[in-house]
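So you can see what is in the structure, the chains are spelled out below.
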Amino acid sequence: MTTLKQKWAAASSSTSLKATSHAAADTASYRKAKNRLPGLAVPKSTTPTTKPPLTFPGQLAQSTVRGYATQKQATAYIHGDKLYDIDKVRHDFPILNRLINGKPLAYLDSAATAQKPAEVIDELTRFYNEYNANVHRGVYKISEEATAAYEEARAKIAQLINAKSPNEIIFVRGTTEAINLVAQSWGRANVGLGDGIILTEMEHHSNIVPWQLLAKERGAHLKYVGLTDDGHLVHEDFRQHLESGGIKLVTLTHVSNVLGTINPVREYIREAHKQGCRVLVDAAQSVPHMPVDVQDMDCDFLAFSGHKMCGPTGIGVLYAKKAILEEMPPYHGGGEMIREVHLYESTWRDPPYRFEAGTTNIAGAIGLGKAIDYLSEIGLRNIQAHDQELTEYMHEMLGKVKGIKIYGPANPRTKAGVISFSLGDVHAHDMASLLDEDGIAVRSGHHCAQPLMDRLGVSSTTRASVYIYNTEDEIDRLVESVERAGRVFKI
Amino acid sequence: MSSIYSEIILDYYRYPRNKGTLPHAQIHARDTNPLCGDVVEMQLEVDEKNNVKDVKFNGQGCAISQASASMLTELVKGKTIDDARKISKEDVLSLIGGQLTAVRLKCALLSLKVLKTGVYNYIGSTDASKDELSGL
Ligand SMILES: Cc1ncc(COP(=O)(O)O)c(C=O)c1O
C-alpha cells in the first residue's frame, strides 16, 4: 500500500506548483503538491540541526525551533486558485514557537480549542487600544467604530454560513449558551407535556443537559438515536422515533467531538421537516473545519463556538431562521434587548438584539470577525482538504501501532479532524502525560460525552485532533510517542 | 526528563497489592476525581486499640491513582488510626517519586483523600480536618 507520504512525493515530482495553480482555478477538485519553499534548508533527519537552547518551561523557543518544526518538506494544497502554504500558516501562530519540555509544542487538541493567529490577537489589542467603546449607544466617533466592527463581524458570520441575513446571527458565549438559549426560549414556548425531543448518543453534554432540564420542567421525553459499533448513527432508530409522533425537535451534532463521525445532517433535517419538527445542529466541530451552508442544510438552528475556529474564547453564535427567531421570547432580560420599558411590562426589540441583553462580548465578536477573515483567506475547502489529509494520515499511522484501538468509523474518510484511541491497558491520562513529556498536547478523559463513553464501554479515551497548523511531522511525533508509551507500559 | 512512570508504579498498577473488599470493615470511604473519572474506595478493619488490622482498596483509573492507592494501603497496614491520620501529602508523593503536574497531583492524592475522609468519619471530623480534606 502506498503511504500518503509516497503519494505526496509522487505528486511533487509530477507537478510543479506554479504550473498547476492556474489550471486548477477552474476545477472543483483539490490539487495538491509537495513544494520546497525557496530559501528553506530542509534536512531530512528528525533531529534538530542545531540543538535547541536550554529553556525553562514557558520560555519561548529561539528561531532555530522553526527550523525544527518545518524541517521536512512543506505541504501545499491548491483549491481553486488558492495555495495552502503550511509554513506561512504556522508562522501566523505565535504559540507554535513554544517549547514544552524542551520540544516544540505539537498542539493536537484543537477540538477542545483552536490556537489564535497573530491577526486575531492583534485585532483584540487594537480594539482596546484604539476604539474600545460600548456598541449601539454612543454617538461619538469610537463608539461608531466599535459598533461598525461589531456589526461587520455579524455580517461576516452570516456570509460564512450563508445565512439569509445578519439578523439571523445572535452573539452568545459559545455553543453551550446557544443551545441553552434555544432550550429556554424556543423550548419553553414550544415543548409541552408528552412531547418528544430526539437526540443522539454521541452528543456533547452541552447538547444533552439543556434538554434534560427542559424535559423535566415540561414533562417531555428524550429519545436517543443509538450508535453502531463503528460510531455511526442507527438511522432506523431515528425513523422510528420520528414516526412515534409528538416530536417537536431533533437536535444532533454535525461532527462528533469524540469519534469525528460526520453525520448526515442534511438527510435528517429533510426527514424531520416532513414530520413538522424543528432541527438544531451542533456545529461546534464542523464550522471550523468545512464549508457549512445553512440554507442548503436547511437547519432551523445552528450553534457553534468562536474559540474552536481561531477566535477568542467567550464568543459564539446561534443561527436561527428569521421566522422562528421572531416568534421566540427573550432569553435574558436587560439593556439593549428592549424597545420600551415601563414599570410593569416591556416590549422587545426585533432579533437579533432581543437575544443580546446587556453589554455583550464586543472584543470577542470583533476578534471572531477577524478569525473568519483569516480562515476565509485560506479557504474553508482548503482547510477541509488539509484536515482530511492529516486525519487520514493519522488514522493510518496510529492504526499500525501495536495494541492500539481506534474508536469510531474505520474509514477515516467519514471522520473529520478527530481520532480517539486507547492503547492496551494504558489509561488515557497516563497516555496524555507521557505524550506531554514529548511536547505533544492531546486530550484525555470522557470529552464531555459520558453517554457515548458508556456506549463504547470505556471510561475515557485519548483524543488527538488536527487543525490548519498541524503537520505530518507532528503526526509522526505523536505516533512515535504513543509507541514509546507502549514501551514504557510494556504493551 | 525523567518519567513519572517508574517500574515501581507500573508494577503496582499491574499487580496491585491489597486490592479487594473487606466485609467487616469499620471504615469505608469512596471518592472520584471528576476531572478524569478515577475512582478509589478504601476499607479498613480496626481493632479495639485502633490498630489497622487490615486494609483494602478498590477502584479504577490511571496508573498514578491506582498505584498510589495500593502503596498507601501498605503504608497504613499495621499502623494505628492516629498514624494514618498523620500521613501527609509529601509521604504519598515520596512513595510515588518523580515530578507530577498539578492535574496529575489530584490523581496521586485521591487515595489519601479517601483514606482521610474515612478516618475522620470514624474518629469525628473537625473544622481543621474539613479544611485539610478540601486542600487535598
Ligand atoms: C460537539 C460539541 N458541542 C458543544 C461543545 C461546547 O462548546 P463550548 O464549550 O464552546 O460552549 C463542544 C466543545 O467542546 C463540542 O465539541
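Residues numbered from 1 in each chain as written. Chains lettered and ligands numbered in written order. Predicted model: local features only at pLDDT ≥ 70, side-chain atom pairs only at ≥ 80, totals over all residues. Heavy atoms only, no water.

Okay, the overall build of chain A next. Assigned secondary structure in chain A consists of 17 helices and 20 strands. Buried residues in chain A amount to 56% of all 491 residues. Considering only residue pairs separated by 6 or more positions, chain A has 71% of its internal contacts joining residues 24 or more positions apart. Of the roughly 20500 Å² of accessible surface on chain A, a fraction of 52% belongs to carbon and sulfur atoms. (Helix = DSSP H or I, 4+ residues; strand = E, 2+ residues; numbered from the N terminus. Buried < 20%, exposed > 50% of the residue type's maximum accessible area, 1.4 Å probe, protein only. Contact = heavy atoms within 4.5 Å. Areas by Shrake-Rupley, 256 points an atom, 1.4 Å probe, with all protein chains shown as cover.)

Moving on, we come to the interface of chain A and chain B. If you look at the interface, chain A gives 14 residues, while chain B gives 18 residues. Interface of chain A and chain B: buried area, both sides summed, is about 1400 Å²; carbon and sulfur atoms make up 51% of it. The three residues of chain A that bury the most area against chain B are His-429, Glu-437 and Phe-489 of chain A, which together make up 33% of that side's buried surface. Taken together, the connections running from chain A to chain B amount to 3 salt bridges. At the junction of chain A with chain B, the criterion picks out 9 residue pairs in polar contact (both at pLDDT 80 or more). Considering each element in turn, the side of chain A that touches chain B owes the most residues, 5 residues, to helix H15 (residues 428-437) of chain A. Of the residues assigned to the side of chain A that touches chain B, the class counts are 4 nonpolar, 6 polar and 4 charged. (Buried area = accessible area lost by both parts, 1.4 Å probe. Salt bridge = Lys/Arg side-chain N within 4 Å of Asp/Glu carboxyl O. Polar contact = N/O pair within 3.5 Å; in protein donor to acceptor, adjacent residues only side chain to side chain. Nonpolar A, V, L, I, M, F, W, Y, C, P; charged D, E, K, R; others polar.)

All right, on to the domain arrangement of chain A then. All names here are of chain A. What the domain assignment reports for chain A is domain 1 (4-104 + 380-488) and domain 2 (120-376). Overall, the association of domain 1 and domain 2 removes approximately 2700 Å² of surface from exposure, summing both partners, and the carbon and sulfur fraction of that is 61%. In terms of surface lost to domain 2, no three residues of domain 1 exceed Leu-380, Arg-455 and Tyr-467, which account for 25% of the buried area on that side. Our enumeration of links across domain 1 and domain 2 arrives at 1 salt bridge. Among the salt bridges present, the one from Arg-455 reaches Asp-229, with a minimum N-O distance of 2.9 Å. Applying the counting criterion to the domain 1 and domain 2 interface returns 13 residue pairs in polar contact (both at pLDDT 80 or more). At the level of elements, helix H14 (380-399), strand S17 (418-423), helix H16 (450-456) and strand S20 (461-465) are the ones that each hand at least two residues to the side of domain 1 that touches domain 2. (Domains from an automatic or database assignment.)

Residue and element names in this part refer to chain A. Here the bond from Pro-351 into Pro-352 is cis, since omega is 5 degrees, no more than 30 degrees from zero. Residue placement: Pro-352 occurs in the loop between strand S15 (346-348) and helix H13 (362-378). Of note, the phi angle at Asn-162 is positive, near 60 degrees, even though the residue is not glycine. Following the sequence through the fold, Asn-162 ends up in the loop between helix H6 (141-160) and strand S7 (169-172). Here Asn-162 falls in the partly exposed class, since its relative accessible area comes to 31%.

Another point: the site of the ligand. Residues and elements named next belong to chain A. With respect to spatial proximity, 13 residues lie near the ligand, and among them Thr-176, Asp-282, Gln-285, Ser-305 and Lys-308 are the closest. The contact in question runs from an oxygen atom of the ligand to an N or O atom on the backbone of Thr-175, over 3.3 Å. Between the ligand and Gln-285, the relevant distance is 2.7 Å, taken from an oxygen atom to a side-chain nitrogen or oxygen of the residue. Compared with its free state, where it exposes 390 Å², the ligand has 84% of that area covered by protein. Residues belonging to the shell around the ligand are distributed by class as follows: 1 nonpolar, 10 polar and 2 charged. (Near = heavy atom within 4 Å.)

Time to look at the confidence of the model for chain B. Here chain B averages 92 in pLDDT, while 99% of its residues score no lower than 70. Interface confidence in the predicted complex, given as ipTM, is 0.89; pTM for the same model is 0.86. (pLDDT = per-residue confidence, 0-100.)

In this section: the pairing of strand S12 (residues 301-305) of chain A. Side-chain positions along a regular strand alternate between the two faces of the sheet. Residues and elements named next belong to chain A. By the criterion of burial, S12 is predominantly enclosed, with 5 of the 5 residues buried. The two faces of S12 match: Phe-301, Ala-303 and Ser-305 on one face and Leu-302 and Phe-304 on the other face are all buried. Pairing analysis gives 3 bridges linking strand S11 (residues 278-282) to S12, with the strands arranged parallel. Paired with Leu-280 across the two strands is Phe-301, which belongs to S12. Bridge count between S12 and strand S13 (residues 316-320): 5 bridges; the pairing is antiparallel. Residue pairing in the sheet places Ala-303 in a bridge with Leu-318 of S13. (Pairing = 2+ DSSP bridges.)

Take the nonpolar core next. Core analysis: the largest hydrophobic core is formed by 80 residues, its most contacted members being Ile-161, Val-250, Leu-302 and Ile-468 of chain A. When residues in this core are grouped by element, the largest group, 10 residues, is from H13 of chain A. When residues are assigned to domains, this core turns out to be shared by domain 1 (4-104 + 380-488) and domain 2 (120-376) of chain A, each giving three or more. Excluding residues within four positions of it along the chain, Ile-468 of chain A makes contact with Tyr-84, Ile-86, Val-89, Phe-93, Cys-310, Tyr-374, Leu-375, Ile-378, Ile-383, His-386 and Asp-387 of chain A. In this structure, Tyr-393 of chain A together with Val-40, Phe-57 and Leu-136 of chain B belong to the second largest nonpolar core, which totals 70 residues. (Core = buried A, V, L, I, M, F, W, Y, C linked by side-chain atoms within 4.5 Å.)

Pairing between the strands of a sheet comes from backbone hydrogen bonds, and it takes one of two forms, parallel or antiparallel. Residue and element names in this part refer to chain A. The mixed open sheet is built from 7 strands, whose spatial order is S7-S13-S12-S11-S10-S8-S9. For this open sheet the edge positions go to S7 and strand S9 (221-225), each flanked by a neighbour on one side alone. Strand-to-strand twist across the sheet, computed as the mean angle between neighbouring axes with direction ignored, equals 20 degrees. Here strand S10 (residues 247-253) pairs with S11 via 5 bridges, running parallel. The residue of S11 that forms the bridge with Leu-252 is Val-281. Here helix H7 (residues 175-190) sits on the sheet and contacts S7, S10, S11, S12 and S13; the angle it forms with S12, its principal contact strand, is near 155 degrees. With respect to the sheet, helix H8 (residues 209-218) is in contact with strand S8 (196-200), S9, S10 and S11, its orientation differing from that of S9 by roughly 145 degrees. (Axes fitted to C-alpha atoms, helices over the stretch in contact; angles between N-to-C directions.)

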